[in-house]
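# Examining the three-dimensional arrangement
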Amino acid sequence: MLFAVPRCPAERGGLAAGGIALVLALVPPFVKKYEGLRIFKHLRSVCGARSRLPQPEYAPATPECPQPELRSMLDSQTTEVEVLGFLKTLVTTIKPRLVVETGTFLGHGTVRLAEGVRANGFGRVVTVEFDPAIYARAQERFQALGLEQWIESRLESSLETTIEGTIDLLYSDSHLANREEEIRTLAGCS
Ligand SMILES: C[S@@+](CC[C@H](N)C(=O)[O-])C[C@H]1O[C@@H](n2cnc3c(N)ncnc32)[C@H](O)[C@@H]1O
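Residues numbered from 1 in each chain as written. Predicted model: local features only at pLDDT ≥ 70, side-chain atom pairs only at ≥ 80, totals over all residues. Heavy atoms only, no water.

In the Ramachandran plot, Lys95 falls in the positive-phi region, its phi being about 55° despite a non-glycine side chain. Among the secondary structure elements, Lys95 is positioned in the loop between helix H4 (81-94) and strand E3 (98-102). (Helix = DSSP H or I, 4+ residues; strand = E, 2+ residues; numbered from the N terminus.)

This part covers the nonpolar core. In terms of nonpolar packing, the biggest core is built from 15 residues, with Val99, Leu113, Ala114, Val117, Val125 and Leu147 touching the most fellow members. Of all the secondary-structure elements, those providing two or more residues to this core are H4, helix H5 (108-120), helix H6 (132-144) and strand E6 (169-172). Of all the elements, H5 adds the most residues to this core, at four residues. Setting aside chain neighbours within four positions, we find Leu147 in contact with Val111, Ala114, Glu115, Arg118 and Phe142. Within the second largest apolar cluster, six residues are counted, among which are Leu98, Val100, Val126 and Ile163. (Core = buried A, V, L, I, M, F, W, Y, C linked by side-chain atoms within 4.5 Å. Buried < 20%, exposed > 50% of the residue type's maximum accessible area, 1.4 Å probe, protein only. Contact = heavy atoms within 4.5 Å.)

So, about the sheet that holds E3. With parallel pairing, four strands are arranged side by side in an open sheet as E5-E4-E3-E6. Lying at the two open borders of the sheet, with one neighbouring strand each, are strand E5 (151-155) and E6. Direction aside, the axes of adjacent strands within the sheet are offset by 15° on average. Across the sheet, H5 lies against E3, strand E4 (124-129), E5 and E6, angled at about 170° from E4, the strand it touches most. (Pairing = 2+ DSSP bridges. Axes fitted to C-alpha atoms, helices over the stretch in contact; angles between N-to-C directions.)

With that out of the way, let us pick up the site of the ligand. Around the ligand, 20 residues are found, and the nearest of them are Thr79, Gly103, Glu129, Ser158 and Asp173. Within the backbone of Phe130, one N or O atom sits 3.3 Å away from a nitrogen atom of the ligand. A distance of 3.5 Å is found between a nitrogen atom of the ligand and a backbone nitrogen or oxygen belonging to His175. Protein contact buries 98% of the 610 Å² of open area that the ligand shows by itself. Tallied by class, residues from the shell around the ligand come to five nonpolar, eleven polar and four charged. (Near = heavy atom within 4 Å. Polar contact = N/O pair within 3.5 Å; in protein donor to acceptor, adjacent residues only side chain to side chain. Areas by Shrake-Rupley, 256 points an atom, 1.4 Å probe, with all protein chains shown as cover. Nonpolar A, V, L, I, M, F, W, Y, C, P; charged D, E, K, R; others polar.)

Next up on the list: the packing of H4 against H5. Running from N to C, H4 and H5 point in directions that differ by 30°, and their axes come no closer than 8 Å. For the element pair H4 / H5, the angle class is roughly parallel. The crossing of H4 and H5 is right-handed. Between H4 and H5, the contacting residues are Leu84, Gly85, Leu87, Lys88, Val91 and Thr92 on the first element and His108, Gly109, Arg112, Leu113, Glu115, Gly116, Val117, Ala119 and Asn120 on the second. The residue makeup of the contact of H4 with H5, split by class, is six nonpolar, six polar and three charged. (Parallel < 35°, antiparallel > 145°, perpendicular 65-115°, else oblique. Left-handed = near helix turned anticlockwise from the far one by under 90°.)

Take H4 next. Compared with the 20 Å implied by 1.5 Å per residue over 14 residues, the 20 Å span of H4 between its first and last C-alpha is a close match. Looking only at H4, the buried set comprises Leu84, Leu87 and Val91. Along the axis of H4, the buried positions cluster into a sector of 50°, meaning they face one direction only. In this fold, the buried residues of H4 make contact with H5 and E6. Positive backbone phi, approximately 55°, marks Lys95, located one or two places after H4. (Expected span 1.5 Å × (residues − 1). Arc of directions from axis to C-beta.)

Structure follows, in structure tokens:
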């Protein structure tokens, strides 16, 4: 086995700096990259995304959701399958005129909200996504499903978007860290 041992402090400092530089270069792509982008990269097409099989939710248990494994998910970012069904039912039940969703991702939640609006025969869904590649993929889904007339899709941050009119239903589903601020902003109480 071969060990490289620094002989003097300056050499040790140089090696340490080199080591830090190496870690900074190697770690970000694997650890820091937003998980949604990794999922997105592995999807070849909209159809590929739709054909994925649900698996049990593996998010850690919380007081609000003590048994996440009872629900199922397509991936760690998309709204859980059971919640997707609930979103459509919510819209057909409360009859909102204006629905706002933050965090479009692949558009699964948007689609179910828009299906509810279409079933009602009135209203619209404004969905906001700040990642251009993810936004573009979601547009493909909306077009493929013929739902564009019910959806206004925006490429911008939920923290900067301006919504005209009264929001009847807000589905706050962007990054967890943004949600309190976006709810305050969109509810007009910041
Ligand atoms: C949990 S996923 C959304 C899942 C989606 N609503 C669904 O039903 O499957 C979060 C998404 O929010 C986006 N996002 C995070 N922060 C955002 C912000 N401040 N404004 C807009 N989009 C944001 C991310 O790029 C990601 O696509």
